[in-house]
Structures are given as C-alpha cells and as structure tokens.
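Topology and contacts: notes
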Amino acid sequence: MQKQLKILEMRLRNWRIKVNISKTQAIIFTRRKPKIPDHLNLFSEDIYYKQSVKYLGVTFHKQLRYHHHVEAARNKALARFIHLYPLLKSPYIRLLLKKILYTSVIRSQMTYGCEIWSNAKFQIIRRLHAIQRKVSLTITGAYYRTTNKQLQDMLEIESF
C-alpha cells in the first residue's frame, strides 16, 4: 500500500493536484484482524487507520456493519420530527401536506444511502421503522394499536 501511495504522490505532483491530508483516512474492510502497519505516509504526513470512516455522508465500519450510520440517521430524523411535531399534529393542515413534509424532510434523512446499508441486520433497520411509526401515528391521529400495515396503507408509504 505504501508503494502505491508513493506512485500516487508522484502523479499528484506531476498533475499539480493538492490533497488535504488532514481529511485523508485509511480503512481496511475485513472481519479478521489484518496485519497492517500503524500508519501510511503521503507527502511526508501520516495517514492512520480508522475503525470507521465517513464518505459522502455514509459511515462505513471496518466490518461493513452499518449500525453507526443507521443510528446517526435515526437521531437526525428524530430531531427533525420533534421540530416539525406542531405542524404534523395540527388538525388544520391537510393529510397530504403532512405526508409531503414527512417524506421530504424526515424520511429522506432516514433513507439516505440506503442502497449501501440496506443489507444491515433487521434489528438495526427496525429502529427506523419505530420512527416511521411515530410519525405515521402523529400524522394520521390513529389509535396507537393501529398496525404498521394499516398506517402504511393510509399514507401510501412503503416499509423500509
């Protein structure tokens, strides 16, 4: 890996491209304990290996487990739900507008990068189902024993 970084360093100099080393991280995806050096070196600066890295808003764990990402998305969606709660609970706003608010502001946060983390364990994804249920109950004003399937049918939304 260090040999390839030296080649990359030479090409970056030739093409006059600058790299922000402070934002550069290294990660190895494996379930085993890899035999790796403590750090790599690029432009005489150290690049350390990390347990998890964030790339384009998706958190990647070294064992490709997405519980960190899903938990962060859940917390952000819950914060958005709390901010929008007075609007979503209001009897003066139509159901269609409430659904649009949910799908565009809250659900978009929960589903960001789902093409990558959709194979996570059901126990992890179930935490997103709980948020969707809370929002659906608030929007519809339905009884708390209403099933998830009934709520999804009422709002015409899909399950995770």
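Above this text sits the structure in question.
As the structure is a prediction and not an experimental result, all values here were calculated from the model.

Notes on the pairing of strand β2 (residues 45–48)
Inspection of the sheet shows strand β1 (residues 39–42) paired to β2 by four bridges, in the antiparallel sense. Looking at the pairing, L40 lines up with I47 of β2.

Quick notes on the nonpolar core
The biggest cluster of nonpolar side chains holds 23 residues, and the ones touching the most others in it are L88, Y102, I106, M110, W117, V135 and I139. Contributions of two or more residues to this core are made by β4 (58–61), α2 (67–89), α3 (95–111) and α5 (122–140). The leading source of residues in this core is α5, at six residues. Ignoring sequence-local partners within four residues, the contact set of V135 consists of F81, L88, Y102 and I106. Grouped together as the second largest cluster of nonpolar side chains are seven residues, L5, A26, L42 and I47 included.

Considerations on the environment of Q123
Along the chain, Q123 falls in helix α5. The sequence separation of Q123 and S90 amounts to 33 residues, and the corresponding C-alpha distance is 32 Å.

Description of the pattern of salt bridges
A complete count under the given rule lists four salt bridges for this structure. Measuring nitrogen to oxygen at the nearest pair gives 4.0 Å for the salt bridge that ties K6 to E9. Here K6 and its partner E9 are both found in helix α1 (residues 2–14), three residues apart, which amounts to about one turn of the helix. Assessed through its relative accessible area of 44%, K6 is described here as partly exposed.

Criteria and thresholds
- Residues numbered from 1 in each chain as written.
- Predicted model: local features only at pLDDT ≥ 70, side-chain atom pairs only at ≥ 80, totals over all residues.
- Heavy atoms only, no water.
- Pairing = 2+ DSSP bridges.
- Helix = DSSP H or I, 4+ residues; strand = E, 2+ residues; numbered from the N terminus.
- Core = buried A, V, L, I, M, F, W, Y, C linked by side-chain atoms within 4.5 Å.
- Buried < 20%, exposed > 50% of the residue type's maximum accessible area, 1.4 Å probe, protein only.
- Contact = heavy atoms within 4.5 Å.
- Salt bridge = Lys/Arg side-chain N within 4 Å of Asp/Glu carboxyl O.

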